[in-house]
Structures are given as structure tokens and as C-alpha cells.
Amino acid sequence: MKIDGREAKAEHRAPLLGAIRSLGIHVPTLCHLDGLEPYGVCRMCVVEVKRGKRTRLVTSCNFPSEEGLEVFTDTERVRQHRKIMAELLLARCPNVPYVQELARSVGVEKSRFRMVEASDCVMCGLCVRVCDQIVGASALSFIDRGNQRVVGTPWYVDDGACIACGACSYVCPTGAMHMEEQTTERWRRELAADQRICRYARMGLVSYKICPNDFRCSECDVDQRLFEEHGTHPVLAVAPGQRSKPRPVGPFLVVEDRCYSRSHAWVKMTGGHARIGIDDFALQLLGPVEQVTVHSRKDAAVKTGDAAVTVVARGRRMTLRFPVAGTVAGLNETVLADPAMLAQDCYDRGWILRIRPTDFYTQSRLLIGRDDVASWIAEQTQKLAQALGVEVARGLEPGFGAKIADKDFARLGALFLEDKPTPTMPTPMAPRTPPAPQTPPPPRTI
Amino acid sequence: MSVNTDTARPEEQISPRVGGYRMHLMLCAGTACVASNSYRIKEALEREIKKHGLANEIAVVMTGCNGFCAQGPVMVVQPDEIFYQHLTEKDIPHLVEEHMLKGRPVPALMYTPPAGKAAIPKMSEIGFFKKQRLLALRNRGLLDPESIDEYIARDGYRALAKVLTEMTPEQVVQEMIASGLRGRGGGGFPTGIKWKTCREAPGEPKFVVCNADEGDPGAYMDRSIIEGDPHSVLEGMAIAAYAIGSSRGYVYIRHEYPLALQRLEKAIADARAFCLLGKNIFERGFDFDVKIHRGAGAFVCGESTALMASMEGRPGEPRAKYIHTVEHGLWDLPTNLNNVETYANVPPIILRGAKWFAGIGTGDVSENPWGGSKGTKVFSLVGKVHNTGLVEVPMGITLREIVFDIGGGMMKGRKFKAVQTGGPSGGVIPEELLDLPVDFDQLTRVGSMMGSGGMIVMDDTDCMVDIARYFIDFLIGESCGKCLPCREGLTQINAILNDICNGTALEGSIELLEELANTVKECSLCALGGSAPNPVLSTLRYFRSEYEAHVKEKRCPAGVCKALITYSIDPAKCTGCLVCKRNCPQDAIAGDKKVVHTIDADKCIKCGICRDVCAFDAVIVR
């Protein structure tokens, strides 16, 4: 690949921007942040690419690298478009120093366009995307469309999804995102002393901690220490939201953003509701699911250990029990109508029911937490292979569940798919040191 | 061919209309005709027919949209093809008695061409229908869209039977490539190539999606196809599914199309009952079923990636298409998305062969699938022409033929000025280019586009700056606001156009407008933003002098922009009839009977009512 006439190397299909910057070439960006999926909306990073005879204008933050590509980052056409876009930005945010500086860097001092309505927000979407992809809270969203678009909580409703981590305001390049004390204020008002979970515990950065400081994080030494340790906002360094993708542990997929019961039900808390489903381990052991029956109606009060769902696969039954107590809030009709879809996606679209739990954080201490799930599944896999008398690598390939004889299944079911509560209270712990991410803070220069 | 003969059906379910009548009254039940009471007319017809004891001889059939919407409600009497228009309940007793009983067609209810000649009885001889060639609309007005029997009787599902029993999926793909069919949703991407890429893309399951989120103002071909012939779309989708190896189909249809939705739901239920959807179709081990997904009415959701985001339950916003949806589409799986009209074109291609299809249209697609435009295209012809409605014409027909032969020429004898093609983000084409053959590449070359097929004809009372402003205003409301050039750029374009129309624009604003429009066009994230400046750029290209008149001379040549015009009355033409005075909402007109009227410029709000009501053309706009 050639960039401005210089040889450049990049991984196949990696975004161009990385390769361009590695050559020390300056490309202005606004909506780009390392660690987030490219969004491609500020369009400041446009470059020209030439493949064969065809030249076209693309955004370098998300255009995939490819062999033989020729890239031009500073042509007349590119400069012209960047200038116009800087003028557009300046017309929107005339008083924001960050935007003024960005405009100056492409040679624009003053916008020829009329100021429509001065705003501090450049609509880069960093706050929304950080909250979704890195924090995993998805508390923010864009509201309305076109030039009416604003950032806020979905439908302007405070639904309790915000964990008050402050990552949104930390990444905001223009200072438009202010932290308001709304969430912490509510916590102070509503939560009893033993329910006051530290915000870093909610993010999964520390295991379990009760806040002794009335949620005044800036006065808390744990907060100070985490910032110092990571050199950036701790939630950015640890990125709990990126644990929401399934990853393989041996022959099974696990997702590390939720808790698991010992009978292989998973439970994930989002915005006041806990979704409950079945994990990949149980699903593979059962084989292709034919029927899913839910035992409780909507609005029923349930206790931990009550029968929640019966899953039937080739006549074999497994009862999934409620991992936490609460009130049933809804059922996933799609899964009930088409249980076969569990095989495709049992962690996301394949949730089975959702409940409004009573005091989730205290209850979740009895479950297998996100930090322990991988090792737990690995251990279960070993046990399963032993019980079946096979090797993990060869005996547990996809579809192994269907080959197990019925009488064996009864034995295995009792071993693996039934709840044997062995609650051990995790001791409140000081912040764990995560695996040394000594990366410097993300470059926010332009 | 036999269609699942083992599916036992009670006798009464078979449509009673398929045989045994001497006359069929094909009454239009498209949205426009239903709005002008065609169901009332149906009742009246049935009442009269019964009264005369003809119920066993004459059947009334509610068909899909006939296309000649301006003349609605319309009815075609088969087998003689006698075309009746503007029917009212009052006309029915006379009509039934004269035509159905005595055999004398009623000229007063027939179409009379604008030149004022004699009425034309036969539908195929009316200029509006004469030059049309119906492929996608092949069953238009010939069947009851709610009857699967009638569709099957018109060769329906035979193409599906053919691909399942005689062809391999590869052969189907090859046939589509050879036909040269290009996507009718606007992009013009070769359908066969899309199917091939999707077939070869790794990932299971694959999806077939039909884009019925038609949102262009004034365009309604997709709605009309679904309302008039829903099974043709389902059949096309099933063939696509077989070709790419999919068993799941979705139709993304806008919520604002209740009638289309209702007929589509019925069609899907009927096809399932006939085992033409579902498991093991034609007992060839091929499974395919279709689900409907209703869109909430965002224009941008017609864009493929936004449509898929919306189907997944996320906000309908596009993403960069550097990675195509045929590889990573719905839920990141290979997805084949085609437009309604594209799918409707598939069955005839399979039945009659790619060669036949490639014989219609322009260019040569035997080597390069982009080398020409084949087949036909449905346009919704609206604006200031006599005959407005839905027309299907072969590719390569000239704009002049569409406007003057099919459209019947300009209304009120005014002068043709321009035609806007391709919906709100299409471009305006001037009179000099009227002989342009209509196809994908020619329209793009002159700065417009095929789009989904809107065609708005404008005359010399339309101001081009105002037209551009109108479309930009529509697009501002429909932009999702995700990327900067579209969100901020369109707002600024609108601000400049407003200045020009209000006469407050400074020197140099035309150049600034042009610069900005180019940036929005080249830098926007999706095709909505990328084509949004087309109305501005194409009017600047062909009607720059009109912009200059607004900016430099503060004058609106077409007499539209209110800030730049004044109304006055030509004393030579005014007869003092008082009509304008009576109609003026502001009491701005002075004068008496047989005394020349005058307009008080201070009171006048330039609403234009006086000009519209004046029978003597005495109101002057400057």
C-alpha cells in the first residue's frame, strides 16, 4: 500500500487511519477514539484512495486497508472539503476552543456560514459510544434526527441505566457533556447503607465495595488511586463493555459481562431489569432445543431457586431456576415461538425472560461473577469430559450433546444442570490490579 | 405443471371469478381509487347488476392499481377493454343499463384526450397506455390481488416451480446476470451480481429482504405493486432465496401503507396454505418463509444499512458501506436486499429467459453487467401534465415521449420547463435534454438519477430556486443527523436558498452554495446525503441565470418567490368581472363591476388566488 507516495504496511482490512498515523502524517479527526469501533461521522478524516483507475473520497477512520491501494491525504480536493466541513462545525460551535483549533489546523479562521444556534456539542457521539461499547451501560443515546438531533438518555427518561462513571464527560472533546449529580443524588436518597455499591463495583472494576463516602467520588481515595494506576479514566482502560462479546472457553462460548448460576443460567442486569437465559454449555449438552416453557406469568413474584423455565431437547428436560429473586417483567416471545434460535445466539437475542430483581447487587454475590466465569466453565468442561470418558479436544466437538445416550444424560444432568447452591460470600476486596495496561492516555490532539 | 394437487381445499375457496362470466368489470381498488369511493361504486354496480338479473353473467372484480390515478375511480370492462373514468355512484344505473344490458358503451364516461377530440373507448388506444410496456406490472388491472387462484391462473408461481424443478441455484444466478436486470430501488446495482456475491459469502443463515420502504414524496410504484400483485413479489423473493441459499425472507414495509400491508399479509397466508411458502416447497426440499417488518416511516430507512439497523431494533441510521451488506448485513450475516419492483421483475425473466429480457432496453450487458439498462422501469408521472399516474416504460424511451405522448402534454397549454427525476434527491432536467433516452447511466450523466422512479413535470410558473429549496427542506427533515455534512450542510444550504428566495442573498452566495453542495455530495456518509444536493447542483447547472436574477436583480423570473414579486392587474385584459375581488382573502382588490380592478400592494399577501381564478389572464406577476 502507498500513502502519499510512501510505502506503508497495515493488516489486511485494518482501518487506513492507523497506517497513515504510523507514518507521522497528520489527519484531523473528531469522532475517532482508539478502542472504539470507527463511526465515520465527522468526515474530517477524508482522504483520496486510488484503486486501479478509480479515485474516490473515503473516510480513513473506517476504510479497510488493502494491498495495492494508493492513498493521498493532502490533495486539493481533500483540503477543500475539510475546510468546508470545518466552517460548518464553526458555524455550529463558534465558541468552542477545541473546534476553533481544529478549524485553524485546516486553515479556517472564520466561517462563511451563518451561525444557526450556538451549541457546544459537535455530535461526535464519543459519549454515546463509550457508554455503550466501553462502559457497557448503554445509558446514552441520540434523540431525534437531522439537525434536531441531541444526546440524552433514551426518550429523555432516566431509567437507572447510568452508573455514574463519568466516562462520557471524560471523553467529550468540547466539554459539552457535564456530569450532573442526578444519579448519585438519587442513590444517596434511595439506597440504604448496605446497598450503596461503589460505582467501580457497578462497572466491574472492583469486586464488591460499599461506598463509605456518600458517592462523592472526587473525595474517595479508591477513585484517586484507580485514576493514577491507569493514567486515564479507569473505565476506559478496563473497558467492561467489551466483555459483552462471546468468547470461546474450550469448546464453549462464554460472555463475561454477566453472572451465572451453578445450573448454567445466566443473568444480566441492564437498566433496572435482569435478563435471564441459558448458557452455551447447557445448550450444547442438551442438543437441539425443541421447546421452551416458562413457568411464571408476568408480574409474578419469584424467589431464588424457583423453577423458571423448562427446556426440552429430544425429550430431555432441563429446568432452569431463577438465579435471583424479583418480579417477572417480561418474556421473550421470539424464543418461545422459535426455540431453535437459541442455537444461534443464546446470550443476546436468545434471552428467555426478564425480571425486576430485588437488590441485584447483593444477590449477585452468590452467583458466579464475570471474573470467574471463564475458569468455572473451563473446570466444568474438564469434569464433563471426565464424566463422559472423552478428551476435551475430541469428545466435545459441536453436536456432541445429541450423541449422548439417554441414561448417561440423566446422570450428567444431575451433575451439571442442577443447582447445588454452595454459597460462599466473597469477601469485600480492595480494587484488584488489572493486567497492567500501562498505555498512555488516548491521544486527543488534532 | 401441477400446483400441489394433494393440498385438499374446499370447493368454495376457489375464486368464483375465474370462469363462466361473459363480462368482467375490473374496478380499480388502488389507494387513489379507493379514496375516491371505488368500493361504493362496487356496491352500486352489484346492486344494478342484480336488479337487471345479470349476476350470473357479469362479475365485478376489485383489481390493483390501474395506474391512471388522476382519472379515478376507473373501471375497465373486459374482454372489450372499454375504459371508464371519473365514475360516480350516480352514473352507475345508466352505465349498467346502457352498456351491460343493451351493449352500448357510454362515451360520456370515457377518456377524452386534451386536444378535445372524440372519446376513446379502448384502454390500449389511450395515449397514456399506448407506449407502456408492462413487465413488473404485468398483472395490472387483470386480477384480484387478494386471490391467489387468479395469480396462479396468470402463470403465477410457475417460475418458482421452474427454478425448483429444472434449474440449479447457479443457473438462476447466471440467468439473472445475463438478463442485465439492475436494482430498481435507485442504485442500479446488477441484481445477478448481488445474488452471486451473497450466494458466495460465508455465513449462515442468509436472508432475503425486500425493501418496501418507499418514501419519496409523490412516488408510489412499490405500494402499487404490493397492492396490485403481492404474489409476484413473494415469488421473486422465493426465487432469490433459492438462488442464494436462504430460507428466511423479510419484507420491510412502511407503516403508512395499510392497504398494501393487508394484501401482503393475505398473500403470505394464502401462499402458506398452498405450500408455496413454508417447508419443502414443491417437495424439492426447499424451505422459505416470509415475515413482515413494519417500518416507522423514516425516509432514511430506505437506505440498506439503515433499513437493516432498524430491523435489528436499533435506530435507523446508515453505516459506512465499505463492507457490503451482501456479506455483512442483517445481524452481520449475508443479506440480499432488493426493491419491490426488482423482485416483481424476476418471475418473467425466469419464465421467458434472460435473452428476451435483455432484448428490451439500452446498451449491452453481455460482458459488462453495468453496460446498459435492461427491461422496463415504473415511473410515477406527476406534476403539470394532463395524464398523471403510474407508467411502466421500456428503458431507453425518451423523456419527451413520457411527458408528451404518455403524459398528454402540459396542462393549461403552458410551456414545459423541466422534469425532476429520481425523487427529492434527484436532479432537474431542462427542455434541451428532453430527447434524452431514460436509463440509469444517462440520467446520472446529466446530474440526475433514476432513483426509485419519481418524475415531476414542471412548467414556466415553477421557480427553480424555490423547487430546490422545497426538496432540501424535505431532506433536512429526513436526514438522520449522524454525519456532519448532511446534518449541518443541508441546514446551511437551506439557509442560503432562503436568502436567495427572500432577496437578501449577498454577492458570492451562489458560489458558496455550489462549494458547499459539492462537499455535502462527496463527503456524506450515505446515499441520502450523497444525493441530497442534486436538486441544487442540477438547477445551478441548467438554470444558473435564474439564481443570478434572484441575487443580482432581486427578481424571480417565474413569479414564485413572494419577497421578490408584486401582483398587478393588466387594465387591457381586465373585464371587471369581480371574481378576483370576491376571492381575495385580504380585501386587497379594489374595483367595481365593469371597472378595471387594482391591487393594493400593501394589503396583498401574494397568495396567487386572484391569478388562479382570473378567466382572462389579467393578473400580472412581476
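Residues numbered from 1 in each chain as written. Chains lettered and ligands numbered in written order. Predicted model: local features only at pLDDT ≥ 70, side-chain atom pairs only at ≥ 80, totals over all residues.

S.K.: Explanation requested: helix α8 (residues 221-230) of chain A in the structure shown.
M.R.: Along an α-helix, residues three or four apart share an orientation, since each turn contains 3.6 residues. Residue and element names in this part refer to chain A. Of the residues making up α8, those classed as buried are V222, L226 and H230. Looking straight down α8, one finds its buried side chains confined to an arc of 55°; they lie on one side. In α8, the exposed positions angled more than 90 degrees off the buried face are occupied by D221, Q224 and E228. Check the buried side of α8 and you find it contacts α7 (199-203) and α9 (234-238). (Buried ≥ 20, exposed ≤ 12 C-beta atoms within 10 Å, placed from the backbone. Helix = DSSP H or I, 4+ residues; strand = E, 2+ residues; numbered from the N terminus. Arc of directions from axis to C-beta. Contact = placed C-beta atoms within 7 Å.)

S.K.: Please clarify how the sheet that holds strand β18 (residues 353-357) of chain A should be interpreted in this entry.
M.R.: Strand pairing in a sheet relies on backbone hydrogen bonds, with the paired strands running either antiparallel or parallel. All names here are of chain A. Strand order in the open sheet formed by six strands is β10-β11-β12-β18-β17-β14, with antiparallel pairing between adjacent strands. Edge strands, defined here as strands with exactly one partner in the open sheet, are β10 (259-260) and β14 (301-302). Here β10 runs beside strand β11 (residues 265-270); their pairing, made up of two bridges, is antiparallel. Each bridged residue has a counterpart across the sheet, and for Y260 the counterpart in β11 is W266. (Pairing = 2+ DSSP bridges.)

S.K.: Sorry if this is basic, but what is going on with the interface of chain B and chain A here?
M.R.: A common measure of how large an interface is: the accessible area buried when the components associate. With 25 residues of chain B in contact, the opposing surface of chain A contributes 28 residues. Elements that contribute at least two residues to the side of chain B that touches chain A include exactly α17 (464-478), α18 (484-502) and α19 (509-523) of chain B. If one sorts the elements of the side of chain B that touches chain A by residue count, α18 of chain B sits on top with eight residues. Along the lines of polarity and charge, the residues of the side of chain B that touches chain A split into 13 nonpolar, seven polar and five charged. (Nonpolar A, V, L, I, M, F, W, Y, C, P; charged D, E, K, R; others polar.)

S.K.: In this structure, what is going on with the domain arrangement of chain A? I would like to understand it.
M.R.: Residues and elements named next belong to chain A. Taken domain by domain, chain A comprises domain 1 (1-119), domain 2 (126-238) and domain 3 (245-416). Look at where the C-alpha atoms of domain 2 and domain 3 centre, and you get two points 30 Å apart. Within the side of domain 2 that touches domain 3, the residues separate by chemical class into three nonpolar, five polar and one charged. (Domains from an automatic or database assignment.)

S.K.: Help me out: how do you make sense of the nonpolar core in this one?
M.R.: Within soluble globular proteins, side chains that are nonpolar generally end up buried alongside one another. Ranked by size, the top nonpolar core spans 263 residues in total, and within it C127 of chain A together with I239 of chain B carry the most contacts. With residues near it in sequence (within four places) discarded, C127 of chain A still touches L140, V151, C168, V171, C172 and M177 of chain A. Grouped together as the second largest cluster of nonpolar side chains are 41 residues, V255, I276, L320 and I355 of chain A included. (Core = buried A, V, L, I, M, F, W, Y, C linked by C-beta atoms within 7 Å.)

S.K.: Explain the domain arrangement of chain B here, please?
M.R.: You can read the domains of chain B as domain 1 (19-122), domain 2 (148-360), domain 3 (376-459), domain 4 (464-552) and domain 5 (566-621). Using C-alpha coordinates to define each centre, domain 1 of chain B is positioned 42 Å away from domain 5 of chain B.

S.K.: Please explain the sheet that holds strand β12 (residues 376-383) of chain B as it appears in this structure.
M.R.: Residues and elements named next belong to chain B. Here we have five strands laid out as an open sheet, ordered β13-β12-β16-β14-β15, and mixed in their pairing. With one partner strand each, in any of the chains shown, β13 (389-394) and β15 (427-430) form the two edges of the open sheet. When strand polarity is set aside, the average angle formed by the axes of neighbouring strands in this sheet is 30°. (Axes fitted to C-alpha atoms, helices over the stretch in contact; angles between N-to-C directions.)

S.K.: Looking at this model, I keep getting lost on the pairing of β18 of chain A. Mind explaining?
M.R.: Residue and element names in this part refer to chain A. Among the five residues that make up β18, four are buried, leaving the element largely enclosed by the rest of the structure. Examined bridge by bridge, strand β12 (residues 273-278) and β18 share three bridges and lie antiparallel to one another. Bridging from a neighbouring strand, R275 pairs with R354 of β18. Alignment of strand β17 (residues 326-331) against β18, held across five bridges, turns out to be antiparallel. Bridge pairing links L331 to L353 in β18.

S.K.: Quick question: what am I supposed to make of the packing of helix α7 (residues 169-179) of chain B against helix α10 (residues 230-244) of chain B here?
M.R.: What describes two packed helices is the angle between their axes and the distance between those same axes. Residue and element names in this part refer to chain B. Where α7 contacts α10, the axes come no closer than 7 Å and their chain directions differ by 120°. As far as their axial angle goes, α10 and α7 are oblique. Along this stretch, α7 crosses α10, giving a crossing that reads as left-handed. For the pair α7 and α10, contact is made by P169, V172 and V173 and by I239, Y242 and A243, respectively. Residue composition of the contact of α7 with α10, grouped by class: six nonpolar, no polar and no charged. (Parallel < 35°, antiparallel > 145°, perpendicular 65-115°, else oblique. Left-handed = near helix turned anticlockwise from the far one by under 90°.)

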